[in-house]
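Geometric and topological summary
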Amino acid sequence: CSVKKNNVVSRNYHGMITHYNFFFNARERVRTGSQSLATSHEDKYDRVLSIFKYGDLNKAKAVFPDMDEAMKKVSIAISRNSMVLKGKKDNKVEERNKWIDDCYLLIGKAQFYKHDFWSSIETFQYISSEYKESEIRPEALLWLCKSYLELGKTLDAEYLLDYLKNDKKFPENLKGDYNAVVAQYHLMKDDTPRAIESLRKASATAVKKDDRARYTFILAQLLQKQDSLQEAFSNYEKVIKMNPIYEMSFNARINRARCYDINSGSGEIVKKELNKMLKDEKNEEYKDQIYYALAGVAQQEKDEALAITLLNQSVRASTSNTSQLAQSYLALGNIFYKRPQYLP
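Okay, so let's go over this structure. (Residues numbered from 1 in each chain as written. Predicted model: local features only at pLDDT ≥ 70, side-chain atom pairs only at ≥ 80, totals over all residues. Heavy atoms only, no water.)

The next thing to look at is the overall build of the protein chain. What the protein chain contains, in helices and strands, is 16 helices and 2 strands. For a compact globule of 344 residues, the expected C-alpha radius of gyration is about 20 Å, and the protein chain comes in at 25 Å, more than 25% above that figure. With respect to the three principal axes, the spread of C-alpha positions in the protein chain is 85 × 40 × 35 Å. The buried share of the protein chain, reckoned over its 344 residues, is 47%. Contacts spanning at least 24 positions in sequence make up 60% of the contacts within the protein chain whose residues lie at least 6 apart. Approximately 18,800 Å² of the protein chain is accessible, and the part contributed by carbon and sulfur atoms is 48%. Taking the 54 positively charged and 46 negatively charged side chains of the protein chain as two groups, their mean positions are separated by 4 Å. (Helix = DSSP H or I, 4+ residues; strand = E, 2+ residues; numbered from the N terminus. Rg over C-alpha atoms; globule rule 2.2 N^0.38 Å. Buried < 20%, exposed > 50% of the residue type's maximum accessible area, 1.4 Å probe, protein only. Contact = heavy atoms within 4.5 Å. Areas by Shrake-Rupley, 256 points an atom, 1.4 Å probe, with all protein chains shown as cover. Lys, Arg positive; Asp, Glu negative; His and termini not counted. Charge placed at Lys NZ, Arg CZ, Asp CG, Glu CD.)

Encoded structure:
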């Protein structure tokens, strides 16, 4: 089973060794490390969430051992089992071990998760140029886009995104990720309307439920910022129905309350739900946010006196969430400013 012989036995043997002895274990290390990195990512719900959860370089250092071990495994596989040989029919010299390109893709992802973006760019570019007919090439190009965006190279990313958009063979299972990358690009360009459109597509095409919930939540946040409150309300409801993690579900309910349309007849339902949340023991530390949301409902209903009372309750309930404390004071300040009562 020599790597110098292009026959069925040699190809299958070295393909099997590469897959099960090296690639499989390396892929599990990258998966474990990327999940750990995503878990360590801290979402700040008082601002628009980041589309992806890659953490920063300091957090990435915790996954260096996983990524380094993965790269070591697949590098050994490449050195021992690569079969760059002539074809029997066309005399074309190319890789005959079908798992080698997957090994290179895994190296690029590991470099990316380590925040070594210049190295990941080199790896993904290599895959693109050396494996033009490979099924993984579109995925490598998508990760190349991600690497460019992490370095702020939006022009390079734009070119690749246009190229992938016109690729008729682009895999269906990558379309959700593609649309999310496009949304990230538009947000970096401060083009909120296009980011909204891309997030609509991303939330509809994402494979994983957690990704769909995240993209829908960010979509709702952007719509809320654009004062498209009815559509924002609808998307926050979609997030809640997806049963995401508690923190996201909680914030979707809070934000939805501040988006509700007074003419929709949903005010009583929203208030009832928020008051129920106030009584729930596990929401003790979130009472400031709940009072803030109830104040938003009161403002929608033109009950300014109640809004002031609720905002003051929010201020008094704030313990460690200084961000919410600032928002509540800001809302109070805006009310008094419009009256105008400048000293308060």
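Okay, back to it.
This next bit is on the packing of helix α10 (residues 209–225) against helix α12 (residues 246–257). Between α10 and α12, the least distance of the axes is 11 Å, while the angle of their chain directions is 25 degrees. The orientation of α10 with respect to α12, classified from their angle, is roughly parallel. By crossing handedness, the relation of α10 to α12 is classed as left-handed. Counted together, A213, R214, F217 and Q224 of α10 and M248, N251, A252 and N255 of α12 form the full contact between these two elements. (Axes fitted to C-alpha atoms, helices over the stretch in contact; angles between N-to-C directions. Parallel < 35°, antiparallel > 145°, perpendicular 65-115°, else oblique. Left-handed = near helix turned anticlockwise from the far one by under 90°.)

What follows is about the pattern of salt bridges. Under the counting rule described, the total for this entry stands at 25 salt bridges. Of the charged contacts, one joins R31 and E28 as a salt bridge, the two residues approaching to 3.0 Å between their closest N and O atoms. Pair noted here: R31 and E28 are both in helix α1 (residues 8–40), with a separation of 3 residues, about one helical turn. Among the charged side chains, a network of salt bridges with common partners joins E237, R253, R256 and E273. (Salt bridge = Lys/Arg side-chain N within 4 Å of Asp/Glu carboxyl O.)

The values reported here are purely geometric and, on their own, carry no functional implication.
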